[in-house]
Amino acid sequence: MKTLWRNARLATLAGDTPWGMIERGALLVDDASLAWVGAEADLPRGLTIDAEHDLRGAVVTPGLVDCHTHLVYGGERAREFELRLAGASYEDVARAGGGIRSTVAATRAASDDALFASARARAEALMAEGVTTLEIKSGYGLSAEHEARCLRVARRLGRELALTVRTTCLSAHALPPEFAGRADDYIAAVCAWLPVLHEEGLVDAVDAFCERIAFTTGQTRRVFAAARALGLPVKLHAEQLSDMGGAALAAEFGALSSDHLEHLGEGGVQAMAKAGSVAVLLPGAFYFLREKQLPPVAALRAAGVPIAIATDHNPGSSPTLSPLLMLSMACTLFRLTPEEALRGMTVHAARALGLADRGTLAAGQRADFVAWNVQHPNELAYWFGHRPCARVVAGGEERAR
Ligand code: DI6
Ligand code: FE
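Note that this is a predicted model, so its numbers are computed, not measured. (Residues numbered from 1 in each chain as written. Chains lettered and ligands numbered in written order. Predicted model: local features only at pLDDT ≥ 70, side-chain atom pairs only at ≥ 80, totals over all residues. Heavy atoms only, no water.)

Would you take a moment to explain the overall build of the chain for this structure?
Counting its regular elements, the chain contains 14 helices and 16 strands. Scaling as 2.2 N^0.38, a compact globule of 401 residues should have a C-alpha radius of gyration of about 21 Å, and the chain matches this with 21 Å. In terms of overall dimensions, the chain has a C-alpha envelope of 70 × 45 × 40 Å along the principal axes. Burial status across the chain gives 58% buried among its 401 residues. Of the accessible surface of the chain, which amounts to about 15300 Å², a share of 52% is contributed by carbon and sulfur atoms. Counting 40 positive and 46 negative side-chain charges, the chain places the centres of these two groups 1 Å from one another. (Helix = DSSP H or I, 4+ residues; strand = E, 2+ residues; numbered from the N terminus. Rg over C-alpha atoms; globule rule 2.2 N^0.38 Å. Buried < 20%, exposed > 50% of the residue type's maximum accessible area, 1.4 Å probe, protein only. Areas by Shrake-Rupley, 256 points an atom, 1.4 Å probe, with all protein chains shown as cover. Lys, Arg positive; Asp, Glu negative; His and termini not counted. Charge placed at Lys NZ, Arg CZ, Asp CG, Glu CD.)

Structure representation (structure tokens):
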């Protein structure tokens, strides 16, 4: 099946020209991939096509890639938000047994179908803003049984919705109550169940929360060694609240990405550059926790570390379902350019997931793209609280509107 999409302003994000812009462009889709991308005037002669769509000058970008979410969980934490507004810090709440652990209790109590229904509604909200690839982490089950349940829900979302889901095992997210005071024993348990989850096909990558209120670099290293033994790539929640040297540790393991990074120092930046890790910045968590310390954007740029932007959707530190708002905040809060922000949620986000087949509009890439009701792609980071998403094609097929 060959479909021609013509009369588009293509922000291909391929190559080094601004936005990879092609005016009056066309996309030739062959089944699930892009067979040809270029100016309409250069279309090869004598093409046989099965269908044709006129995009009437709409801006077209690659489908958005949300490369860091914790989408599957029970309950919500609005009460904790009130406590923080009254003066408690995120770390205070966590140490008092609230925070991640309260979501763990709600997640364990929820049925598989309830977890699926709530996660599906969230995924659909992200899709409505142009997301075609979504990463989902476990980390609210914190036992072999409940981590598996959450990852199965994530896999089911990938099967039932018109998007690609990549799963990440984040069992080293917090210490569950049954292991109180025994963090090393918990890490041993995680390392023992990881192969079982992997055997069931539930794990595309492995993550950990390396932080004062979570796990040490030594414990993170053990989780990464277990991942490496299974041939699984790693990523890390690093330097979010303090500088633990997590990004450098992750770089040692060739991490796909280190994420958050507000407290990242120059040594960490250099280690990431050398390892080719992506810096995933999460303006939603920065905003919602009212952080003051900005991630070292200038140093990351200077070192040539690719910067990705994601929602970090989770009930405690980033309860947002708007990837477009994250583009805006990446610019207003972190001072990225609108083009850097969009590249951060497409080409660099794909790289943070180890996916080379998406993130730009180019022949051979997966046919994931979005047509927007805007005049220029810089508007995607400009409007906020607005959804200018007109048409979405995922894997070559247009989603029902
Ligand atoms: N860092 C975060 O911001 C989220 N997880 C993490 O490791 C927060 C998760 C939560 O508060 O529920
Ligand atoms: Fe996160």
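The rest of the description comes next.
What am I meant to see in the environment of glycine 63 here?
Within the secondary structure layout, glycine 63 lies in the loop between strand S5 (59-62) and strand S6 (64-66). By relative accessible area, which is 3% here, glycine 63 ends up buried. Distance in space between the C-alpha atoms of glycine 63 and glycine 359 is 7.0 Å, their sequence separation being 296 residues. Beyond its immediate chain neighbours, meaning those up to four positions away, glycine 63 contacts Gly130, Thr132, Met345, Thr346, Asp368, Phe369 and Val370. (Contact = heavy atoms within 4.5 Å.)

Even after reading the chapter, I still don't get helix H7 (residues 217-229), so can you show me in this structure?
Helical periodicity: at 3.6 residues per turn, an α-helix aligns residues three or four positions apart in one direction. Counted at 1.5 Å a residue, the expected span for H7 with its 13 residues is 18 Å, and the 18 Å between its end C-alpha atoms agrees. Here H7 has its buried residues at Gln219, Thr220, Val223, Phe224, Ala226 and Ala227. The buried residues of H7 occupy an angular sector of 155 degrees when the element is viewed end-on, so they sit on one face. Facing away from the buried side of H7 by over 90 degrees, the exposed positions are Arg228 and Ala229. Against strand S8 (164-172), helix H6 (183-199), strand S9 (205-208), strand S10 (235-238) and helix H8 (246-252) lie the buried residues of H7. One or two residues past the end of H7 sits glycine 231, with phi positive at roughly 75 degrees. (Expected span 1.5 Å × (residues − 1). Arc of directions from axis to C-beta.)

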